[in-house]
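Each chain, written out:
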Amino acid sequence: MTTRLNPYLTFDGDARQAMEFYQSVFGGQLRISTFGEFGTSDPAVADKVMHALLNTDRGYTLMAADTAPGMPYQPGSTITCSLSGDPEEGLAEAWEKLSDGGTVTVPFEKQMWGDLYGMCVDRFGVPWMVNVVQSQ
């Protein structure tokens, strides 16, 4: 996997509709995973989008999710920089530098989908997600 940097959008329950719209605009392949697919039993959020990925033929990548259960939706702060790639791409080191002096909101550790992942707001107030793909 080539390391990539792309926008990650957050929605208040309409991520699926938004991503289907963006697919109609940009084309490409859209993959959507719901909270229910990853074990959430709460029917109020089971069909909400935990992660959506749109890869276009032009090389655009757009990711999105509905606000996770227990996290506030804050209009105006709904875009995050997402950095993802293979372990040898230096992403763990990037995480260390991005989170240094900032605020860690999700610790950088193995997640339910198997990858190393963390979220932070850097010292300049920019939110980041770092996902290091692990071989299955």
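In case you missed it, the structure is sitting above this.
Residues numbered from 1 in each chain as written. Predicted model: local features only at pLDDT ≥ 70, side-chain atom pairs only at ≥ 80, totals over all residues. Heavy atoms only, no water.

For the protein, the helix and strand inventory stands at two helices and eight strands. Starting at the N terminus and ending at the C terminus, the protein contains elements arranged as β-α-β-β-β-β-α-β-β-β. For 136 residues, the compact-globule estimate of 2.2 N^0.38 gives 14 Å, and the C-alpha radius of gyration of the protein, at 15 Å, lies within 12% of that figure. The C-alpha extent of the protein, read off along each of the three principal axes, is 35 × 35 × 35 Å. Expressed as a percentage of the 136 residues in the protein, the buried residues total 38%. (Helix = DSSP H or I, 4+ residues; strand = E, 2+ residues; numbered from the N terminus. Rg over C-alpha atoms; globule rule 2.2 N^0.38 Å. Buried < 20%, exposed > 50% of the residue type's maximum accessible area, 1.4 Å probe, protein only.)

For the rest of this paragraph, the subject is the environment of Leu-83. Residue placement: Leu-83 occurs in strand S5 (residues 79-85). Excluding its chain neighbours within four sequence positions, the residues that come into contact with Leu-83 are Thr-3, Arg-4, Leu-5, Leu-91, Ala-94, Met-129, Val-130 and Asn-131. (Contact = heavy atoms within 4.5 Å.)

Let us now look at the side chain of Asp-122. Residue position: Asp-122 is located in the loop between strand S7 (116-121) and strand S8 (127-132). Within the structure, Asp-122 has its side chain in polar contact with the side chain of Trp-128 (distance 3.0 Å). Ignoring anything within four residues of it in the chain, the contact list for Asp-122 reads Leu-98, Gly-102 and Trp-128. (Polar contact = N/O pair within 3.5 Å; in protein donor to acceptor, adjacent residues only side chain to side chain.)

With that settled, consider the sheet that holds S8. One open sheet holds the eight strands; their spatial order is S2-S3-S4-S1-S5-S8-S7-S6, and the pairing between them is mixed. Edge positions in the sheet fall to strand S2 (29-34) and strand S6 (103-110), since each of these pairs with one other strand and no more. Each adjacent strand pair in this sheet contributes to an overall mean axis angle of 20 degrees, direction not counted. Relative to strand S4 (residues 61-66), strand S1 (residues 4-11) runs parallel, the two being bridged by four bridges. (Pairing = 2+ DSSP bridges. Axes fitted to C-alpha atoms, helices over the stretch in contact; angles between N-to-C directions.)

Let's shift gears to helix H2 (residues 91-99). Given 3.6 residues to a turn, an α-helix orients residues that are three or four positions apart in the same direction. Along H2, the residues classified as buried are Leu-91, Trp-95, Leu-98 and Ser-99. What you see down the axis of H2 is that its buried residues fit within an arc of 85 degrees, all on one side. H2 presents Glu-96 and Lys-97 as exposed residues on the side facing more than 90 degrees away from its buried surface. Elements that come into contact with the buried residues of H2 comprise S5, S6, S7 and S8. (Arc of directions from axis to C-beta.)

Further remarks concern a nonpolar patch on the surface. A contiguous nonpolar patch, built from Phe-21, Val-25, Phe-26 and Tyr-60 and spanning about 400 Å² of accessible area, is present on the exposed surface. Assignment of secondary structure puts Phe-26 in helix H1 (residues 15-26). (Patch = residues over 30% accessible without salt bridge, like charges linked within 9 Å, V, L, I, M, F, W, Y side chains within 5 Å. Areas by Shrake-Rupley, 256 points an atom, 1.4 Å probe, with all protein chains shown as cover. Salt bridge = Lys/Arg side-chain N within 4 Å of Asp/Glu carboxyl O.)

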